[in-house]
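Structural overview for review
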Amino acid sequence: MYVSHIEGQALHICQPLPPLRTFRGSQANNMFLLLVSTAPPTVRIIHSGHACNVEEERHTERVYTIREGETLELSCLVTGHPRPQIRWTKTAGSVSDRFQDSSVFNETLHIAKILRTQGGRYYCKAENGLGSPAIKSIRVDVYYLDEPVVTVHQSIGEAKEQFYYERTVFLRCVAVSNPPVRYSWHRGREVLTQGSDKGVEIYEPFFTQGETKILKLKNLRPQDYANYSCVASVRNVCGIPDRSVIFRLTNKTASPSIKLLVEDPIVVNPGQTVSLVCITTGGEPSPLLTWLSANDSLPQKSMVKGGTLTLPAISSDEAGVYSCVASNNVGNPAKKSTTIIVRALKKGRFWITPDPYHNDDNIQIGREVKISCQVEATPPEELTFSWLKNGRALRSSERMVITQTDTDISPGTTNLDIIDLKFTDFGTYTCVAALKGGGIPEISIDVNISSTTVPPNLTVPRGKSPLVAREGDTVELECLVSGKPKPIILWSRADKEAPMPDGSMQMESYDGALRVVNVTREMTGSYRCQTSQYNGFNVKPREAVVELIVQYPPTVEPVHTELRQGLGRPVVMTCRVLRAHPSRVLRFEWLLSNRLLHAGPFDTQRDDTEYTIRSLNRDGWGEYTCKVINEAGAGKCTFHVTGKAYAPEFYYDTYSPLWQNRPRIYDFKLQWTQMNPNAVDRIVAYRLGLRQMGQQRWWEQEIPVDWTINKGELITHNLTELIKPESYEVRLTPITRFGEGDSTVRIVTYREFHCSFEEEPICLFTQDKNDDFDWTRHSAATRDTKYTPNTGPSGDRAGSKQGFYMYIETSRPRKEGDQARLVSPFFNIAPKNPYGITNPPAYCFGFFYHMYGKHIGTLNALVKQKGLVSSDVPVWSLTGNQGERWKQAKVSVHPTASFQVVLEGIRGPGIEGDIAIDDVTLEEGECRDPPPNLSAIAQSTSLHIWLLCITVVMTLLEGQR
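Computed from a predicted model, the values in this text were never measured in an experiment.

Here we take up the overall build of the chain. In terms of helices and strands, the chain carries one helix and 74 strands. Looking at the chain residue by residue over its 961 residues, the buried ones come to 47%. Nonlocal contacts in the chain, meaning residues at least 24 apart in sequence, comprise 70% of its contacts between residues at least 6 apart. For the chain, the accessible area works out to roughly 49000 Å², and carbon and sulfur atoms hold 49% of it.

And the structure:
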């Protein structure tokens, strides 16, 4: 048996480990295996953009402050195996609108030139199918300061049109900002404060909540006529400078007044050019003139020059209210409006109403008949109607009564009542609509009254219902309309409340036919055709119903799927029918490429058809198609049978798996597992591609594999000769007898180790199983109210009560001398030659400690090396009370093999002995200006001598071999 330790997880008792794989030539000692299990995702957010500050105080989450226009860059660091999928999302924050781009599927969220509307809460979500997704959030606060604006007002009822004199004046300063702005007032070079001048009062209105500061000048004095400046400041946060504005107050200061040199309303014909002129008649400073339309935006082709708005070739769509606004920040803006009316006639219609006193829809001699004519006119009061009979003017009489609705009502309607219809009354009646003054074409509507004028009737042509069509066809639903005149036909759904094909609830047809392009299965159903009163008889509507049946090919699943299998193994493909119309399926066909494999009638007792390859050979690779066919066409299931290997999955859970090689060179321990290795033939090699970020050229290398890879095996390959601090793109492709499989790409980035214990996995640190008690992850914000006073920190190393740190709790049942050890993940170094390292590389191990309390014991830092006997001699040690503050420790270490760092806390003589640590770092190279630690100097020297002795002994033993 053996014990396998997966970094960041508990120890497991496992089956015997396969022998270490060795490789020929340059591959020797460059690739090996471990057994790895899956791990659920963890996530933490780091920043690398232009942050002003990252604060945790007073918040349950981190707050990232950035200046508007800078670059936001947030990275989501995840662990977990298989590699979790990362997704960035955003919800609205206090200074943001809803996120337009809702998701970013990338490790890094990059927003160049960030806008204030892009502030808010950003979430990073990582999931790999194991357990619950890991989610962390950070709030982005965008800081900005706009130019301040000063407005001037008099107290209500005291305003004069031309100037201010012996009146109370209010100067109001407003600047849009985040964070809240602070205001200061100056008169000339004099700083104005509350109480500095009896004639001046400075205050913030309660209802504005600090959004403005008002300068009140009580009973204006001669010295009050001066230059006033308002300075807006956000106290230089994010380097945002103060902004100021100057306003000159004189005895001529006045609010604006204007005059429009146009009529109201303006009635014009379409195509005319309209000019609206607005002039100022008062105001100091000189007012600024602007034009607005009813919807706040002017027509695209409009032109504004000074106070003149020109609308060339105006159309009916551009009619409406136009307003001239004058503003000079004194008093209220002045506003004058005018309405432009574009003359028009449209939508001419008619209808015939038989004698309402008889229950008969037909026109008969001796009875009354009424002809109605309707037109939409602009302006409605200009609308005039006239009637003609057979082209000759018709005047109102006792038997021919002409009436018209109120001219202010739109649409306008005129009626011609024919009393006691005679044979001589038959003929063509024309309704003519016009606008007074001309300029607009008239609308003429002809209505024929004769013995052939009969009410409508609707029928569906033989063979046109039910109408059978195939999905995608163009169909024409028909209703035959008889009668004279023929009315407009209205089409709608008869079987349910549903929109018509054009999206409306009702469609019009002038010939009774409804043409539908590209019919879909959802259009199957009943359609109602119905006569309208317009252009026909004003009688009870006639209607008929047409049935539409849309046939469609079978809907099948799967539409497309990939099947991966090794040679000599069986493959089963199943195509299932979900729905079809007609539901009676005729036959099926199985094809490989275009070659028919199997065909036959579909079994009506089942909803699927199956094809089996008993033993897959090389000729069996390819694309298989199953066609399930009915009268409307074929549904297709596609199966891509391949021997392509699945992609490898990089293992990210080893923290910073890199080591020092030479001062400007670094190596990287690349680790991965193979997804579903037994699904296809044995993987015989991997093709490794490597290129420096920003470069085009790939360097490729083939890594042979001479064993059968099992699921969960962790494969390791050392990347060498990488240049600091460059990043590299790594591409890994498995190779089988089939050929190349799916590739996986990752980025290798050079970075140092840093842990602030903000996330629950605590950077893959683990608790020693052989000590007396454990270190505890803690934050001051969640500290137990029963905590021991006079010991321990009040916040993390940065001073945040929300931030986390590790500490040892020395209350009972702990006793003096009890030990708690926190063990780091392994850090790897690479031997330069087969006989060991003669000049061990240097690393600077640093951390912050807090040792406050009268019973403080000892804090030790030790180094454990892989394959070597552990030494109990610390490389750094400190004992006793060091005061109520965080201090930094740094010590250089020189390991000769992969190593771990151990932080050991030893309990002192009493309960006031809590020891805390935070911000642990490991950097390559000797420590620069390490803080003094006299108690550790002798111990560190002893350890270096001990390590050197072990190195010499190992070198001698290798030489004897």
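The discussion continues.
Taken residue by residue, a regular strand's side chains alternate between the two faces of the sheet. Burial of strand S57 (residues 665-674) is extensive: 10 of the 10 residues sit out of reach of the surface. What you see with S57 is no split at all: Ile665, Asp667, Lys669, Gln671 and Thr673 on one side and Tyr666, Phe668, Leu670, Trp672 and Gln674 on the other are buried throughout. Where strand S55 (residues 648-650) lies against S57, three bridges are found, and the strand directions are antiparallel. By the bridge assignment, Glu649 is partnered in S57 with Thr673. Judged from the seven bridges that link them, S57 and strand S60 (residues 713-723) form a sheet pairing that is antiparallel. When the sheet's bridge partners are listed, Phe668 is paired in S60 with Leu719.

Our focus in this paragraph is the sheet that holds strand S30 (residues 344-354). Strand order in this open sheet of five strands is S34-S35-S31-S30-S46, and the pairing throughout is mixed. Both edges of this open sheet fall to strand S34 (400-404) and strand S46 (536-537), since each of them pairs with a single strand only. Both S30 and strand S31 (residues 369-378) contribute to a ladder of nine bridges, which runs antiparallel. Residue pairing for S31: Leu345 is matched across the bridge by Ala377.

Tallied over the full model, the rule gives 37 salt bridges. Measuring nitrogen to oxygen at the nearest pair gives 3.0 Å for the salt bridge that ties Asp224 to Arg187. Of this pair, Asp224 sits in the loop between strand S19 (212-217) and strand S20 (227-233) while Arg187 is found in strand S16 (residues 182-187), placing the two residues 37 residues apart along the sequence. Since its relative accessible area comes to 9%, Arg187 is described here as buried. Glu562 is paired through a salt bridge with Arg564; the nearest N and O atoms lie 2.9 Å apart. Judged by its relative accessible area of 36%, Glu562 is partly exposed. On the basis of relative accessibility, which here comes to 12%, the residue Arg564 falls in the buried class. One salt-bridge network, held together by shared partners, links Arg187, Glu190, Asp197, Arg221 and Asp224.

About the thresholds
Residues numbered from 1 in each chain as written. Predicted model: local features only at pLDDT ≥ 70, side-chain atom pairs only at ≥ 80, totals over all residues. Heavy atoms only, no water. Helix = DSSP H or I, 4+ residues; strand = E, 2+ residues; numbered from the N terminus. Buried < 20%, exposed > 50% of the residue type's maximum accessible area, 1.4 Å probe, protein only. Contact = heavy atoms within 4.5 Å. Areas by Shrake-Rupley, 256 points an atom, 1.4 Å probe, with all protein chains shown as cover. Pairing = 2+ DSSP bridges. Salt bridge = Lys/Arg side-chain N within 4 Å of Asp/Glu carboxyl O.

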